[in-house]
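# Remarks on the overall topology
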Amino acid sequence: MFDRFVGGRGSVHLWFALVVLVALLGLLRVAMSHWRDGATLLGGAFLLAAVFRAGLPSERVGLLAIRSRPVDVVLYGALGAVIVFVAVTIKGGPLAG
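This text gives an overview of the structure that appears in the document. (Residues numbered from 1 in each chain as written. Predicted model: local features only at pLDDT ≥ 70, side-chain atom pairs only at ≥ 80, totals over all residues. Heavy atoms only, no water.)

### Examining the side chain of Arg53
- Position of Arg53 relative to the elements: it lies in helix α3 (residues 35–55).
- In this structure Arg53 comes out as buried when scored by relative accessible area, which is 2%.
- Within polar-contact distance, the side chain of Arg53 engages the side chain of Ser58 at 3.4 Å.
- Contacts of Arg53, omitting those with residues within four sequence positions, involve Ser58, Val61, Leu64, Ala65, Arg67, Ser68, Arg69, Asp72, Val73 and Tyr76. (Helix = DSSP H or I, 4+ residues; strand = E, 2+ residues; numbered from the N terminus. Buried < 20%, exposed > 50% of the residue type's maximum accessible area, 1.4 Å probe, protein only. Polar contact = N/O pair within 3.5 Å; in protein donor to acceptor, adjacent residues only side chain to side chain. Contact = heavy atoms within 4.5 Å.)

### What to know about the packing of aromatic side chains
- Applying the stated criterion to the full structure yields two aromatic pairs.
- Taking 6.4 Å as the distance between ring centres and 40 degrees as the angle between the ring planes, the aromatic pair formed by Phe46 and Tyr76 counts as tilted. Highlighted residues: Phe46 in helix α3 and Tyr76 in helix α4 (residues 69–89), separated in sequence by 30 residues.
- A relative accessible area of 28% means that Phe46 is categorised as partly exposed. (Phe/Tyr/Trp six-rings, centres within 6.5 Å; stacked < 30°, edge-to-face > 60°.)

Here you go:
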């Protein structure tokens, strides 16, 4: 079944689908009142997008390619790092659990 995605048009969407899956898992954790875990997963989704954008050719990344490669990698990586940093460092608050 994986062969179906590797050779054809689906391989373009596979990497984006993996990033979206991680982001959806993060949103699910936030909805379950585990906001710190969910925010970390959301940040991880952006970091994963940065890795895919940096390592794959432009014609294989599909919807992850928005701007030029260096701009995408820097923005995805910076946003992911900031989200993970904030999720890990904030203590307490009304949603602490």
